[in-house]
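Structure at a glance
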Amino acid sequence: MTEPKVSVSQSGGSGPPEQADLERIYRSLRLIRRTEEEIARIYPSDKIKSPVHLSIGQEAVAVGVCDVLRPDDVVAPTYRGHAAFLAKGGSLRGLMAELYGKATGVAGGKGGSMHLIDMRHNVLGASAVVGTTIPIAVGYALACRRTKTDRVAVSFFGDGATEEGVFAESLNFAALHKLPVLFVCENNYYAIHTPITRRWATARLCERVRTYGIPAHEVNDGNVFKLRALAGEAISRMRRGEGPTFIECQTYRWREHVGPNEDFDQGYRSRDDLNPWMKNDQVEFVGKMLSDERRAVLDSEIELEIEDAIEFAESSPFPVREALYTNVFAGE
Ligand SMILES: Cc1ncc(C[n+]2csc(CCOP(=O)(O)OP(=O)(O)O)c2C)c(N)n1
Ligand SMILES: [Mg+2]
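Attention here is on the structure that accompanies the text.

1. Concerning the packing of aromatic side chains
- Inspection of the entire model under this criterion finds eight aromatic pairs.
- Seen from their ring centres, Phe167 and Phe246 are 6.2 Å apart, and the 65° between their planes marks the pair as edge-to-face. Of this pair, Phe167 sits in helix 6 (residues 165-176) while Phe246 sits in strand 7 (residues 245-250), placing them 79 residues apart in sequence. Grouping residues by exposure puts Phe167 and Phe246 together as buried.
- Every member of this aromatic cluster is reached through a ring pair, and the members are Phe157, Phe167 and Phe246.

This is the structure:
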């Protein structure tokens, strides 16, 4: 287990770890893990009407970054977005109801897991189309600049998204205009079943990004505190008008690309690859920094919150037929 190399404070910078920080970070990591485990448990019942791309194992990326954001900062997650959505404070009830296809879901039950949105908590709408939320985050950063605020935007995306043309266009535009956008690549080494070794001529992603004039950092062990410190520094720079930063977070997807199960029998990767990541599980790592008593209290509060969200989703109505015609655009 890697010890945190950086200290933790509310600013995400220097200073001794504070109990409130540890509890908040643990709470967020554990809430995401347990929510997704419950989604996986319920999934075979067919009550959840949407495909699900789980981020079990990858929670530390969203939590490390979102912990240093202000409520008025925005995040643009991907279709594997439950973690970023919840880490930014998105509604758990609204998420669960959305997965159930209920009218009380964050997208009125019409979007499902891949199209979460919660603008009350500044979570921009996600999309099933790889790479599409990167320029939306950049556009939001441009709006933050033009309205003369010091708000920032965070764009989360996978390693596969860096192969889309729009990734290069977005980096260039953001660097040129020194926009307050933090690019966070969740590098889990795969795009569906294809490993990076079969997709990239070199693995030197940060080096490629630096040619745009964007500072780029790599975190290769998923350590939530390292990520948090780097994100904290990057966000301070952005608020001072010093432009974008890029962080490549290496991480590992524990479940199949889409769906609730493991997939180590599929032949494209092996359980041996997973084992070191499980040993380095950040939920346990941070959990062990708390007393058994505090951890038990937090765990039981989280279970109640998840039970409440499931109950809310189950008891909510499906959208009415007329809702098919709302929030859609049609031209003649
Ligand atoms: C533009 C586009 N091309 C292809 C797909 C099909 N597709 C869905 S997920 C995915 C893999 C993306 O991998 P990555 O960005 O690394 O994200 P991860 O699923 O690993 O989190 C692909 C190719 C798509 N949804 N959109
Ligand atoms: Mg990937």
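After that view of the structure, there is still more to cover.
2. Description of the site of ligand 1
- The local shell around ligand 1 holds 15 residues, among which Tyr79, Arg80, Gly160, Asn188 and Tyr190 are the closest.
- In the model, an oxygen atom of ligand 1 is placed 2.7 Å from a nitrogen or oxygen of the Tyr79 side chain.
- For ligand 1, whose accessible area on its own is 590 Å², the fraction buried by protein is 71%.

3. Here's the deal with the environment of Val152
- As for its position among the elements, Val152 is in the loop between helix 5 (133-146) and strand 2 (153-158).
- Remark: the alpha-carbon pair of Val152 and Thr202, spanning 50 residues in sequence, is separated by 31 Å.
- Once residues lying within four places of it in the same chain are set aside, the contact partners of Val152 are Leu69, Asp73, Val74, Pro180, Ile235, Met238 and Arg239.

4. Topic: the coordination of the magnesium ion (ligand 2)
- Protein-derived ligands of the magnesium ion (ligand 2) are Asp159 (OD), Asn188 (OD1) and Tyr190 (O), with the metal-ligand distances lying across 2.1 to 2.2 Å.
- Taken in sequence order, the residues that donate to the magnesium ion (ligand 2) follow the motif D-x28-N-x1-Y. One end of the pair, Asp159, is in the loop between strand 2 and helix 6; the other, Tyr190, is in strand 4 (residues 190-191), and 31 residues separate them in sequence.

5. Details of unusual backbone geometry
- Positive phi, normally seen in glycine, also occurs at Lys148, with a value near 60°.
- Looking at where Lys148 falls in the secondary structure, it is placed in the loop between helix 5 and strand 2.
- Non-glycine residue Lys178 carries a positive phi angle of around 50°.
- Relative to the helices and strands, Lys178 is located in the loop between helix 6 and strand 3 (181-187).
- The partly exposed category is assigned to Lys178, whose relative accessible area is 46%.

6. Overview of the pattern of salt bridges
- One pass over the structure, following the stated rule, counts 30 salt bridges.
- Between Glu59 and Arg33 there is a salt bridge, with the nearest N and O atoms lying 2.6 Å from each other. Here the residue Glu59 occupies a position in helix 2 (residues 59-66), and Arg33 occupies one in helix 1 (residues 19-42), the gap between them amounting to 26 residues.
- Take Arg33: its relative accessible area is 7%, and that puts it in the buried class.

7. With respect to the nonpolar core
- Core analysis: the biggest nonpolar cluster contains 68 residues, and Ile39, Val154, Phe156, Leu182, Val184, Ile247 and Val286 have the highest contact counts within it.
- Looking at which element gives the most residues to this core, the answer is helix 1, with nine residues.

8. Examining the packing of helix 1 against helix 8 (residues 224-239)
- Axis separation between helix 1 and helix 8 bottoms out at 12 Å; the angle between their running directions is 110°. Judged by the inter-axis angle, helix 1 sits roughly perpendicular to helix 8. Contact residues: Asp21, Leu22, Arg24 and Ile25 in helix 1; Val224, Phe225 and Arg228 in helix 8.
- Considered class by class, the residues forming the contact of helix 1 with helix 8 number four nonpolar, no polar and three charged.

9. As for empty space enclosed by the protein
- Tallied over the full model, the rule gives two cavities of 30 Å³ or more.
- Volume-wise, the largest cavity comes out at about 120 Å³.
- Along the wall of the largest cavity there are 16 residues; nearest its centre are Gly57, Ala60, Gly222, Asn280 and Gln282.
- Contributions of two or more residues to the lining of the largest cavity are made by helix 1, helix 2 and helix 10 (282-287).
- Here the lining of the largest cavity takes three residues from helix 2, the largest share from any one element.
- Split by residue class, the lining of the largest cavity holds six nonpolar, six polar and four charged.

10. Focus: the packing of helix 4 (residues 92-99) against helix 11 (residues 292-315)
- In the contact formed by helix 4 and helix 11, the axes pass within 8 Å of each other and the chain directions differ by 45°. Regarding the angle of helix 4 to helix 11, the classification is oblique. At the point where helix 4 passes helix 11, the crossing takes the right-handed sense. Along the contact surface, helix 4 presents Leu92, Arg93, Met96 and Ala97, while helix 11 presents Glu305, Ile306, Asp308, Ala309, Ile310, Phe312 and Ala313.

11. Some words on the sheet that holds strand 1 (residues 74-76)
- An order of 1-2-3-7-6 is seen for the five strands of this open sheet, with the pairing classed as parallel. Of all the strands in the sheet, just strand 1 and strand 6 (216-219) have a single pairing partner and so form its edges. Strand-to-strand twist in this sheet, taken as the mean axis angle between neighbours without regard to direction, amounts to 20°.
- Of the strand pairs in this sheet, strand 3 and strand 7 are connected by six bridges, and their pairing is parallel. Looking at the pairing, Phe183 lines up with Phe246 of strand 7.
- With respect to the sheet, helix 8 is in contact with strand 2, strand 3, strand 6 and strand 7, its orientation differing from that of strand 7 by roughly 170°.

Cut-off values and rules
Residues numbered from 1 in each chain as written. Chains lettered and ligands numbered in written order. Predicted model: local features only at pLDDT ≥ 70, side-chain atom pairs only at ≥ 80, totals over all residues. Heavy atoms only, no water. Phe/Tyr/Trp six-rings, centres within 6.5 Å; stacked < 30°, edge-to-face > 60°. Helix = DSSP H or I, 4+ residues; strand = E, 2+ residues; numbered from the N terminus. Buried < 20%, exposed > 50% of the residue type's maximum accessible area, 1.4 Å probe, protein only. Near = heavy atom within 4 Å. Polar contact = N/O pair within 3.5 Å; in protein donor to acceptor, adjacent residues only side chain to side chain. Areas by Shrake-Rupley, 256 points an atom, 1.4 Å probe, with all protein chains shown as cover. Contact = heavy atoms within 4.5 Å. Donors = N, O, S within 2.8 Å, 3.2 Å for Na, K, Ca; no water. Salt bridge = Lys/Arg side-chain N within 4 Å of Asp/Glu carboxyl O. Core = buried A, V, L, I, M, F, W, Y, C linked by side-chain atoms within 4.5 Å. Axes fitted to C-alpha atoms, helices over the stretch in contact; angles between N-to-C directions. Parallel < 35°, antiparallel > 145°, perpendicular 65-115°, else oblique. Nonpolar A, V, L, I, M, F, W, Y, C, P; charged D, E, K, R; others polar. 1 Å grid on protein atoms, 1.4 Å probe; cavity = no way out; pocket = protein on both sides within 12 Å on 5 of 7 lines; lining within 4 Å. Points joined across faces, edges and corners; volume = space filled by probe spheres on them. Left-handed = near helix turned anticlockwise from the far one by under 90°. Pairing = 2+ DSSP bridges.

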